[in-house]
Amino acid sequence: MTSLDSAYTSKLLICKDKSVMALSLHELVIKSCKEALSSDRGIFSIALSGGSLPSFLSNLSDSFDRVGCSPQWDKWHVLLADERCVPNSDPDSNLKALKESILDSVAIPKNQIYGLDESLLLPSSSSSSSLLSCEERMASAYEKTALRPVLEKSGNKIDCVILGFGPDGHTCSLFPNHALLEEKDKLVASLNDSPKPPLCRITLTFPVLNHRSRMIVFCGAGESKGPILNRIFATVHHTPPKQITTNDNDNVKECSAILSDPAPFPCGMARPNEKQDSNLVYVVDTSAAATLNISKL
Ligand code: 6PG
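Predicted model only: the values in this text are computed from it and were never measured.

Here is what the cut-offs are and how they apply
- Residues numbered from 1 in each chain as written.
- Predicted model: local features only at pLDDT ≥ 70, side-chain atom pairs only at ≥ 80, totals over all residues.
- Heavy atoms only, no water.
- Near = heavy atom within 4 Å.
- Polar contact = N/O pair within 3.5 Å; in protein donor to acceptor, adjacent residues only side chain to side chain.
- Areas by Shrake-Rupley, 256 points an atom, 1.4 Å probe, with all protein chains shown as cover.
- Phe/Tyr/Trp six-rings, centres within 6.5 Å; stacked < 30°, edge-to-face > 60°.
- Helix = DSSP H or I, 4+ residues; strand = E, 2+ residues; numbered from the N terminus.
- Buried < 20%, exposed > 50% of the residue type's maximum accessible area, 1.4 Å probe, protein only.
- Salt bridge = Lys/Arg side-chain N within 4 Å of Asp/Glu carboxyl O.
- Pairing = 2+ DSSP bridges.
- Axes fitted to C-alpha atoms, helices over the stretch in contact; angles between N-to-C directions.
- Contact = heavy atoms within 4.5 Å.
- 1 Å grid on protein atoms, 1.4 Å probe; cavity = no way out; pocket = protein on both sides within 12 Å on 5 of 7 lines; lining within 4 Å.
- Points joined across faces, edges and corners; volume = space filled by probe spheres on them.
- Nonpolar A, V, L, I, M, F, W, Y, C, P; charged D, E, K, R; others polar.

Q: Which residues make up the site of the ligand, and what values do they have?
A: Neighbouring the ligand are 15 residues, the closest being S52, D82, H170, C172 and K225. Note that an oxygen atom of the ligand is positioned 2.7 Å from one of the side-chain N or O atoms of K196. With respect to the ligand, the side chain of K225 contributes an N or O atom lying 2.5 Å from an oxygen atom. Notes on the ligand: free accessible area 420 Å², of which the protein chains cover 90%.

This is how it looks when you write it as structure tokens:
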């Protein structure tokens, strides 16, 4: 795995339960959205994963209301951090899960929510692209017609990327020891051998996560995430709360974590290259963090 030449620090928010995790995540999204919309870019670009993540977003609109901030949904551009190569209505589709939890209930223009081109799921025609597999064509089309145009409008970086991490340490559809961890050129890649079903998927790559993202937030709940957190963090210090307003100490414990080098798992390799405060945040619950060794600064 990649080794970086200097220590990389992530913020770590240990939340009392999943509802507090959702509120902490919402604060981060609101902050990122405000920053994006007050910049001269004028849009908010966000990339979202599947798994348990969509469930944390379902009350996002209420959180905007609570702080008196207009989300300006018409300026949102929503990308998929990874997607399974299935129809958008399939129970396995990440887009379907995101639509059901949030996207169907907010006023983001449909053409600014970027799902898979379902026509590419059909057997290929006799064009030159027929040499490519269905998932390769989907990845290439997603890069060309979804990701690159959004990057162009968004100052070449996605404002906010929200990811999960699996009990094997994968993130997006970037799995441990998979050749895609070394991908340097493609911004969206495909795989047909995913260890987590279904086999065929497309995924953002590390050139996007690390070089074209302003902020990455990981969300993970439950004790199955504990062994991954124990390995991806070399040291964890409890730090006094600064900006996160849900941080009364009973609900959210704010920590600073230095990432292990080399990263033992794909999720630990995700490190936005603008090393400003809060560009990488892990939002977890107390079960996930139960076995972390946390010292006081
Ligand atoms: C997918 C997801 C995947 C997910 C992790 C974590 O398509 O499978 O995008 O990358 O985020 O597997 O999933 P959980 O949050 O459900 O543990």
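Q: I'd like a description of the packing of aromatic side chains, backed by residues and values.
A: For the coordinates displayed, the defined rule picks out eight aromatic pairs. Measuring from centroid to centroid gives 6.1 Å for F64 and W76, while their planes differ by 65°, and the two rings are edge-to-face. Within this pair, whereas F64 is found in helix α3 (residues 60–66), its partner W76 is found in strand β3 (residues 76–80), the two being separated by twelve residues in sequence. Summarising the burial analysis for this pair, F64 and W76 share the class buried. Plain terms: the ring middles of F218 and Y282 are 4.5 Å apart, the flat faces sit at 20° to each other, and that makes the pair stacked. Here F218, found in strand β8 (residues 216–220), pairs with Y282, found in strand β11 (residues 280–285); they are 64 residues apart in sequence, far enough to count as distant.

Q: Just give me the short version of the pattern of salt bridges, but keep the residues and values in it.
A: Any two side chains of opposite charge can pair, on the condition that their charged atoms come close. Enumeration according to the criterion identifies ten salt bridges in this entry. Two residues, E35 and K31, come together in a salt bridge whose shortest N-O distance is 3.5 Å. Pair noted here: E35 and K31 are both in helix α1 (residues 18–38), with a separation of four residues, about one helical turn. On the basis of relative accessibility, which here comes to 35%, the residue K31 falls in the partly exposed class. Between D261 and R271 there is a salt bridge; the shortest N-O distance is 2.9 Å. Here D261, found in the loop between β10 (252–259) and α8 (266–269), pairs with R271, found in the loop between α8 and β11; they are ten residues apart in sequence, far enough to count as distant. In this structure R271 comes out as buried when scored by relative accessible area, which is 4%. Among the charged side chains, a salt-bridge network with shared partners connects R41, D159 and R214.

Q: Any chance you could break down the sheet that holds strand β5 (residues 160–164) for me, citing the residues and the numbers?
A: Here we have nine strands laid out as an open sheet, ordered β3-β2-β5-β8-β11-β1-β10-β9-β12, and mixed in their pairing. Two strands bound the open sheet, and with one partner strand each, they are β3 and β12 (294–296). With strand direction ignored, the average angle separating the axes of adjacent strands in the sheet is 25°. Bridging between β8 and β11 involves five bridges; their strand directions are parallel. Bridge assignment links G220 to a residue of β11, and that residue is V284. The strands touched by helix α5 (residues 134–153) within the sheet are β2 (44–48) and β3, with β3 carrying the most contacts at an inclination of about 140°.

Q: Which residues make up empty space enclosed by the protein, and what values go with them?
A: Counted by the stated rule, this structure contains one cavity of 30 Å³ or more. Of the voids in this model, the largest cavity is the one considered here, and its volume is about 50 Å³. Broken down by secondary-structure element, the contributors of at least two residues to the lining of the largest cavity are β2 and β3. In terms of residue class, the lining of the largest cavity is made up of nine nonpolar, no polar and no charged.

Q: Residue-level account of the side chain of H178, with values.
A: With respect to the helices and strands, H178 occurs in the loop between β5 and β6 (188–191). Among the polar contacts made by the side chain of H178, one reaches the side chain of D193 at a distance of 2.8 Å.

Q: How would you sum up the pairing of β5? Please name residues and give values.
A: Most of β5 is tucked away: four of the five residues are buried. Relative to β5, β2 runs parallel, the two sharing three bridges. Looking across to β5, one finds that L48 is bridged to I162.

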